[in-house]
Amino acid sequence: MTKEFTKETINELASTLLFAINDDEVDFLLEELEFLKSKMDAISNIENIQSVEVQTHPFDLYETALREDDNSEEGTAIDLLLANAKNIQNREIEVPKVVG
Amino acid sequence: MIDTLKTKLKTGDELINESIIKAKNSNLNAFVTIINDAKVEDKDLVLSGIPYVAKDNFSTKGILSTASSNSLKDYIPFFDATAIKKLKETGAVNIGKTVMDELGMGETGTTGHTGAVKNPWDNERITGGSSAGSCAAVAAGIVPFALGSDTGGSIRKPSSYCGVVGYKPTYGMISRYGLFALASSFDHVGVITTSVKDAALVVDTIKGIDENDMTSWDSSNINLTSSLTANIKTKKLFYIKEICENNYSDTLDETTKTLELFNETLNKVRTLGFTVDEISIDKTLLNAIYPAYFTIASAEATSNMANLTGMIFGPRGKGKTAEEMMFDHRTNGFSPLIKRKFIIGSYVLRAENIDRYLFNSAKVRKIITDKISDLFKTYDGMILPASLSPAPKADDKLPVYLKTEQYLAIANFGGFPSITIPSGFVNNMPVGINITGNIKDDENLLNIAYNIENILGYKNQTTKGGK
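Residues numbered from 1 in each chain as written. Chains lettered and ligands numbered in written order. Predicted model: local features only at pLDDT ≥ 70, side-chain atom pairs only at ≥ 80, totals over all residues. Heavy atoms only, no water.

Peer 1: With reference to specific residues and values, describe the sheet that holds strand 11 (residues 381–385) of chain B.
Peer 2: Residue and element names in this part refer to chain B. Here 11 strands make up an open sheet; going across it, the order is 1-3-2-6-8-7-12-13-11-9-10 and the pairing mixed. The open sheet has two edge strands, strand 1 (31–34) and strand 10 (275–279), and neither has a second partner. On average, adjacent strands in this sheet sit at an angle of 30 degrees to one another, irrespective of strand direction. Looking at chain direction, strand 11 and strand 13 (residues 429–436) are connected through four bridges and run antiparallel. Bridge pairing in strand 13 places proline 385 opposite isoleucine 433. (Pairing = 2+ DSSP bridges. Helix = DSSP H or I, 4+ residues; strand = E, 2+ residues; numbered from the N terminus. Axes fitted to C-alpha atoms, helices over the stretch in contact; angles between N-to-C directions.)

Peer 1: Quick one: what's the story with the packing of aromatic side chains, residue by residue and with numbers?
Peer 2: Taken as a whole and judged by the stated rule, the model has 19 aromatic pairs over all chains. Summarising the aromatic geometry, the rings of A:Phe59 and B:Tyr171 are spaced 6.3 Å apart at their centres and angled 90 degrees between planes, so their arrangement reads as edge-to-face. One end of the pair, A:Phe59, is in the loop between helix 2 (23–44) and helix 3 (78–81); the other, B:Tyr171, is in the loop between strand 7 (165–168) and strand 8 (188–193), on a second chain. The two residues A:Phe59 and B:Tyr171 agree in class, both being buried. With centroids separated by 5.5 Å and ring planes inclined at 55 degrees, the aromatic side chains of B:Phe78 and B:Phe79 adopt a geometry described as tilted. Judged by relative accessible area, which is 23%, B:Phe78 ranks as partly exposed. Taken together, B:Phe238, B:Phe376, B:Tyr379 and B:Phe416 form an aromatic cluster joined through their ring pairs. (Phe/Tyr/Trp six-rings, centres within 6.5 Å; stacked < 30°, edge-to-face > 60°. Buried < 20%, exposed > 50% of the residue type's maximum accessible area, 1.4 Å probe, protein only.)

Peer 1: Can you lay out the environment of B:Ile367 for me, pointing to particular residues and giving the numbers?
Peer 2: Tracing the backbone through its elements, the reader meets B:Ile367 in helix 13 (residues 355–375). In the structure, B:Ile367 is positioned 292 residues away from B:Tyr75 in sequence and 40 Å away in space, judged by C-alpha atoms. Other than its neighbours up to four places away in sequence, B:Ile367 contacts A:Ile46, A:Ile49, A:Val52 and B:Leu285. (Contact = heavy atoms within 4.5 Å.)

Peer 1: How would you explain the nonpolar core if you had to name every residue and give the values?
Peer 2: Residues and elements named next belong to chain B. Counting residues in hydrophobic clusters, the biggest one holds 136 residues, and the most contacted among them are Leu147, Tyr167, Ile372, Ile383, Ile419 and Ile452. Here this core takes nine residues from helix 10 (residues 289–304), the largest share from any one element. Contacts of isoleucine 419, omitting those with residues within four sequence positions, involve Arg156, Val165, Gly166, Tyr167, Val196, Ile433, Asn434, Ile435, Leu445, Leu446 and Ala449. (Core = buried A, V, L, I, M, F, W, Y, C linked by side-chain atoms within 4.5 Å.)

What is shown is where atoms sit, not what they do.
This is the structure:
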């Protein structure tokens, strides 16, 4: 039987998320995922769960108001936007060449 | 407390200066930043001269805002969060940014990048989290109130551990604009104070619809402060039997005492003339709260925090390509705990897993929300212990059940207003009760809490006395 959680799966996910994790963390995660899976198995046994709708927000009573089209906002000054960037050149953030 | 402090003000700046000195002298590790030059701008406003602190996940213009993470250790926002802006407009003075669990993802107060926060009642014990420093600062009497955020109990649990009042209003009553997003559908802005009245006063000044937060709503017909009236008698509350009965597999002695105190508290509440009924809820459903919360929160967090790359803010990583630089930033910027949560969040979002993990969790959320909403047709509120023990010692091996002690998240599932107030002591450590009400019924909830607070007698409590 194929195991659902493997070190390879974890490392692949970490790589997709753009960070490295060490072997101890991988082992810990395997345990955590097994724990979560056991809880999820219990959830799938809740009576009639398949017929329940998913809830993605606390409630559906939001008030949305359309604003006037002429309500333009003042933009943010570029020097403020760039204040936290470490490598800048003129009005741009400097990054390594991305497109070949 | 805020009213009393206002009447004592002479020059306007004395409370601010006093709080800054207390913050500097405190040994609690509650602060990422102390704002040394904080001062009163306008002396004639509602909160003029009243100092406060904000959790470090609120954007504060020109002031370091790190969310207690190395990935944001040098981030200085160029704008104020709406809650901060409104406090500024009413004269309150921010004197510091407080330590939290990294990026809000923790419940111990021990995972911030500047170290663990100590509980002011006993420095060997944790404060709980994630609004750790905010609760510690209020409990220690450094400031009369603090801003916090609550995604699954992050205001209300540490408030219990620190013996203070922690209130998160109905979802969207306070704008989340400028609050670093953790799990957007669970995130609430709230306050930590030493009395229900102060909580009402502060929330009245910062609530309201905000064009920058589409989930905020118009609450101009709600006035929390003026709704507080003594001697109400006809309120109906319920508690959940399965949470309050003492049959956990590895119960601590302190848990037994906490539950005994809770029962004593219920009897005191009944002397007000309130009805308090026991309600039974299927344990399978209650046990599903923690995994459902954990799954949804991890999924939302991993998406929300994909912007932490070190490219346009945060420390720049090393590398020859943009991908290498982001990889280095994220590898060194996040603690192992955060990485694990991101991996779990990413796992449950995969197409082959999303039904079984994320959607089933969202269905649990629906069942729980509907169940509690239905009970609110009969009852004014749900009353529960705010924690199942006082704050654990920092080196305690936590009992297994604490992993499932996540019922405070019920209020985040449905956006229900929820407040923790202190209810007494176990082994010389404070514990609290938590009361949750129906959405947009905050006036009723706070009035119930206000009346219960009056008979319990822990109003204006800090470690410096001042009851």
